[in-house]
Amino acid sequence: MLCEVGESPLWHPAEQALYWTDIPARRLWRHDPASGANHSWALPEMAGCIARTADGWLLAMQTGIYTLPALQPGAPAGALARVAGVAHAAAQMRFNDGRCDRQGRFWAGTMMMDMAAAEPVGRLYRVAQGRLAQPLADPFLTPNGMAFSPDGRIMYVSDSHPRRPPAVWAYAYDADTGTPHTPRVFIPALASGRPDGAAVDADGCYWICGNDAGQVHRYTPAGKLDRSIALPAAKPAMCAFGGPDLATLYVTSIRPAHSAADALDGAVFALRPGVQGLEEPAYAG
């Protein structure tokens with residue numbers, strides 16, 4: 001299967017399966033590496049990112065944050081339940097990149113669907129007690145690249161809009177309160193491409209998709225480029241570690257309208273980069 005905008009890959013350790021979302025297609029996908037089987041479920045809204053819960057899923061969609069019961073391949077999805085609504089800063093916005101911090105707090109960013117508008121109305125939200133807290137006041141166009149260091153004390157964020165510098169920032173993160181502060185430039189300019197989705201491995205290195213460059217880059221905790229891996233798709237969108245040993249790097253991608261019929265744009269790729277990842281925390285509520 002090829003996605004229009006494949007995003008938010010997430011490994012489910014209990015199921016030993018990979019989940020991800022195709023945003024404009026309004027679908028949630030599941031891949032079982034052991035059998036090779038793929039399943040998908042239709043969603044009523046675009047879902048930008050997902051997180052596991054104790055008994056299902058948390059989805060950041062167009063109109064807010066929702067829960068979804070556990071999914072069964074071949075069975076229809078259950079009913080969504082809204083956790084928190086959102087008052088977007090402008091019309092025609094949706095959630096995009098996001099994930100849980102090491103304590104299980106869910107973070108997600110918003111963006112305008114019309115990227116040509118280039119309005120700095122994107123925001124980063126944290127789900128707290130049934131509502132969206134907004135500790136970060138920085139104006140974003142397309143907040144992206146969110147990831148947390150292994151000890152949970154650094155929060156990485158980028159702005160993937162073409163009109164923003166291809167930089168990544170590192171925020172000091174108060175793990176007790178879930179509050180980012182004191183941002184610094186972590187990567188002044190990506191080695192190639194625009195910064196998109198990211199993940200952190202067990203060594204604390206930061207893996208980030210170089211959108212438009214067809215590469216995934218690994219940076220050390222000091223912000224030094226360690227390696228770049230080429231992909232057969234120009235627009236990798238987000239990466240995540242999975243597999244029984246968390247040593248497979250899954251990378252989703254985007255399929256532009258002009259892609260050739262036989263192009264792999266929009267595919268999900270599985271790499272073995274020789275390092276291990278970290279299990280992504282489930283949403284703690």
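Residues numbered from 1 in each chain as written. Predicted model: local features only at pLDDT ≥ 70, side-chain atom pairs only at ≥ 80, totals over all residues. Heavy atoms only, no water.

### Some points on the sheet that holds strand 21 (residues 236-242)
In plain terms, the rule: Pairing between strands is defined by DSSP: at least two bridges between the two strands are required. By the criteria applied, helices consist of DSSP H or I runs no shorter than four residues and strands consist of E runs no shorter than two, each listed in order from the N terminus. Every axis in this analysis is a line fitted to C-alpha atoms, fitted for helices over the stretch in contact. Angles between the N-to-C directions lie between 0 and 180 degrees.
Spatially, the three strands line up as an open sheet ordered 21-22-23, and their pairing is antiparallel. In this open sheet, the two strands that pair with only one neighbour each are strand 21 and strand 23 (269-271). On average, adjacent strands in this sheet sit at an angle of 25 degrees to one another, irrespective of strand direction.

### Notes on the side chain of His 12
The condition that has to hold: Note on classification: 1.4 Å probe, protein chains only; a residue is buried when its accessible area is under 20% of the maximum for its type, exposed when over 50%, partly exposed between these limits. Think of a polar contact as two N or O atoms within 3.5 Å of one another; within protein, one of them needs to be a possible hydrogen donor and the other a possible acceptor, and neighboring residues in sequence only count if both atoms come from side chains. Should any heavy atoms of two residues lie within 4.5 Å, those residues are counted as being in contact.
Tracing the backbone through its elements, the reader meets His 12 in strand 1 (residues 6-12). Relative accessible area serves as the criterion here: at 12%, His 12 is assigned to the buried category. A polar contact is formed between the side chain of His 12 and the backbone nitrogen of Glu 15, at a distance of 3.3 Å. Those residues within four positions of His 12 in sequence are excluded, and the remaining contacts are Ala 17, Tyr 19, Arg 52 and Trp 57.

### Details of the nonpolar core
We apply this condition: Here, the term nonpolar core denotes a set of buried Ala, Val, Leu, Ile, Met, Phe, Trp, Tyr and Cys residues that are joined through side-chain atoms within 4.5 Å.
Formed by 15 residues in total, the largest nonpolar core has its most connected members in Ala 60, Ile 65, Phe 95, Phe 106 and Leu 132. Counting residues per element, the ones that place at least two in this core are strand 5 (49-52), strand 6 (56-60), strand 9 (93-100), strand 10 (106-112) and strand 11 (122-128). When sequence neighbours within four positions are dropped, the list of residues in contact with Ile 65 reads Leu 58, Leu 59, Ala 60, Ala 81, Arg 82, Val 83, Ala 84, Phe 95, Phe 106, Val 127 and Leu 132.

### Looking at the pairing of strand 10
For strand 10, the tally of buried residues reaches seven of seven residues, placing the bulk of the element in the interior. Side chains Phe 106, Ala 108, Thr 110 and Met 112 project from strand 10 onto one buried face, and the interleaved Trp 107, Gly 109 and Met 111 project onto a second face that is buried too. Across six bridges, strand 9 lies against strand 10 in antiparallel orientation. From the neighbouring strand, Arg 94 faces strand 10, where its bridge partner is Met 111. Linking strand 9 to strand 10, which pair antiparallel, is a turn of five residues; within it Gly 104 sits at a positive phi near 90 degrees. Pairing of strand 10 with strand 11 involves three bridges; the strand directions are antiparallel. Bridging across to strand 11, Gly 109 finds its partner in Leu 124.

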